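# Chain and residue survey
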Amino acid sequence: MIDAQTKMQFLYALRSKGVTDARVLTAMEVVDRAAFVKGIFADRAYEDMPLPISCGQTISQPSVVGIMTQALDVQPRHKVLEVGTGSGYQAAILAQLARRVYTVDRYRRLVKEAQTIFDAQKISNITAFTADGSHGLQEQAPFDRILLTAAAEDPPGPLLAQLRLGGIMVLPVGQSDAVQSLIRVTRTDNGFEYEELRHVRFVPLLEGIGQD
Ligand code: SAH
């Protein structure tokens, strides 16, 4: 467990980078990021930087997790889909705020490792699957909220279709090796409204299931 001062500095850094929603800050205070980072990098879990995880992937920078979670405006009754489980950290934050979280990753190994951490942390409202998340999760649709943590060139059609009316989807869009835009899509009676939030950099949303 980390000391109170490190946690205070962590929360201060989040606030100074625009994470101001009290519920999001509380969730990020409660979930121990060090549990999702392995080996030599665990010492750096409370620094505001992305860190390497298995399968050549990364756990996102905490302030970006905070900004995305805040933009998603998750409410206690919500059913949320996350595409890109990675370490499981973002899913654990969402699980503090929502009723149920479904999270998918194309790497079996990442899903297995994340599930082990959810069990150890006694987080019981996350269901993790190995799947190509660009198709969404038809059997659990519609979702109140959808979050992508890998960059798509455009919002994937199946995910838009699985968003409930009034629902919100937050995702990075753009070419994988360039600066991407974080966008928020809201499903309304008249279709979809798009809003650009800021520039970000994520790994690409890839097709199919990974080898690992
Ligand atoms: N949210 C994660 C960070 C995700 S990194 C965390 O909190 O740690 C992006 C993840 O998206 C990677 O693990 C990658 O394997 C996954 N990914 C990329 N394309 C995907 C796809 N089509 N379906 C599911 N997962 C995908």
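Notes on the structure follow. (Residues numbered from 1 in each chain as written. Predicted model: local features only at pLDDT ≥ 70, side-chain atom pairs only at ≥ 80, totals over all residues. Heavy atoms only, no water.)

## Side note on the packing of aromatic side chains
Inspection of the entire model under this criterion finds 4 aromatic pairs. Relative to Tyr46, the ring of Phe10 lies with its centre 4.9 Å away and its plane at 80°, an arrangement referred to as edge-to-face. With a gap of 36 residues between them, Phe10 in helix α1 (residues 4-16) and Tyr46 in the loop between α2 (22-30) and β1 (51-52) connect regions that are remote in the sequence. With a relative accessible area of 3%, Phe10 lands in the buried category. Judged by centre distance (6.5 Å) and plane angle (55°), the ring pair of Phe36 and Phe118 falls under tilted. You can see Phe36 sitting in the loop between α2 and β1 and its partner Phe118 sitting in helix α5 (residues 108-120), a full 82 residues away along the chain. According to the relative accessible area criterion, Phe118 is buried, its value standing at 0%. The structure contains a cluster of three or more aromatic residues connected by ring pairs, namely Phe36, Tyr89 and Phe118. (Phe/Tyr/Trp six-rings, centres within 6.5 Å; stacked < 30°, edge-to-face > 60°. Helix = DSSP H or I, 4+ residues; strand = E, 2+ residues; numbered from the N terminus. Buried < 20%, exposed > 50% of the residue type's maximum accessible area, 1.4 Å probe, protein only.)

## Side note on the site of the ligand
Around the ligand, the structure places 28 residues, and the nearest of them are Ser87, Asp105, Asp132, Gly133 and Leu206. Note that a nitrogen atom of the ligand is positioned 2.7 Å from one of the backbone N or O atoms of Gly133. Between the ligand and the protein, one listed contact pairs a nitrogen atom with a backbone N or O atom of Leu206 at 2.6 Å. Across the complex, the protein chains shield 99% of the 580 Å² of accessible surface that the ligand would expose by itself. Those elements that place two or more of their residues in the shell around the ligand are β2 (58-59), β3 (79-83), α4 (89-97) and β4 (100-105). Looking at side-chain class alone, the shell around the ligand contains 12 nonpolar, 12 polar and 4 charged residues. (Near = heavy atom within 4 Å. Polar contact = N/O pair within 3.5 Å; in protein donor to acceptor, adjacent residues only side chain to side chain. Areas by Shrake-Rupley, 256 points an atom, 1.4 Å probe, with all protein chains shown as cover. Nonpolar A, V, L, I, M, F, W, Y, C, P; charged D, E, K, R; others polar.)

## As for the nonpolar core
One recurring pattern in soluble globular proteins is that nonpolar side chains are buried together. Among the nonpolar cores identified, the biggest contains 50 residues, and Met28, Phe36, Leu72, Tyr89, Val101, Phe118 and Val170 are the most heavily contacted of them. Mapped onto this core, the elements with two or more residues apiece are α1, α2, α3 (62-72), α4, α5, β5 (126-130) and β7 (163-173). Ranked by the residues each element gives to this core, the list is headed by α4, at 7 residues. Apart from residues no more than four positions distant in its own chain, Phe36 is found in contact with Val31, Ile53, Ile59, Ser87, Gly88, Tyr89, Ala92, Ile117 and Phe118. If you look at the next biggest cluster of nonpolar residues, it comprises 18 residues, including Leu81, Val83, Phe143 and Ile183. (Core = buried A, V, L, I, M, F, W, Y, C linked by side-chain atoms within 4.5 Å. Contact = heavy atoms within 4.5 Å.)

## A few points about the pairing of β3
Within β3, 5 of the 5 residues are buried, which leaves the element mostly enclosed by the surrounding structure. The two faces of β3 match: Lys79, Leu81 and Val83 on one face and Val80 and Glu82 on the other face are all buried. The pairing of β3 with β4 spans 5 bridges and is parallel. Across the sheet, the residue bridging to Leu81 is Tyr102, located in β4. Assessed by its sense of winding, the connection that carries the chain from β3 through α4 to β4 is right-handed. Where β3 and strand β6 (residues 143-148) come together, 4 bridges link them in parallel fashion. Paired with Val80 across the bridge in β6 is Arg145. (Pairing = 2+ DSSP bridges. Right-handed = clockwise from strand over helix to strand, strands pointing away.)

## Some points on the sheet that holds β6
Strand order in this open sheet of 7 strands is β5-β4-β3-β6-β7-β8-β9, and the pairing throughout is mixed. Strands at the two margins of the open sheet, each flanked by one partner only, are β5 and β9 (191-200). Each strand axis lies, on average, 15° off the axis of its neighbour in the sheet, ignoring direction. Summarising the sheet, β7 and strand β8 (residues 180-188) pair through 6 bridges and their orientation is antiparallel. Its bridge partner lying in β8, Leu171 is registered against Ile183. Across the face of the sheet, α5 comes into contact with β4 and β5 while running at roughly 160° to β5. (Axes fitted to C-alpha atoms, helices over the stretch in contact; angles between N-to-C directions.)

## Examining unusual backbone geometry
With an omega of 0°, the peptide bond running from Ala141 to Pro142 counts as cis. As for its placement among the helices and strands, Pro142 is situated in the loop between β5 and β6. Although it is not a glycine, Asp73 sits at a positive phi angle of roughly 50°. Along the chain, Asp73 falls in the loop between α3 and β3. Even without glycine at this site, Lys122 takes up a positive phi of about 60°. Tracing the sequence through the fold places Lys122 in the loop between α5 and β5. Judged by relative accessible area, Lys122 falls into the exposed class, the value being 73%.

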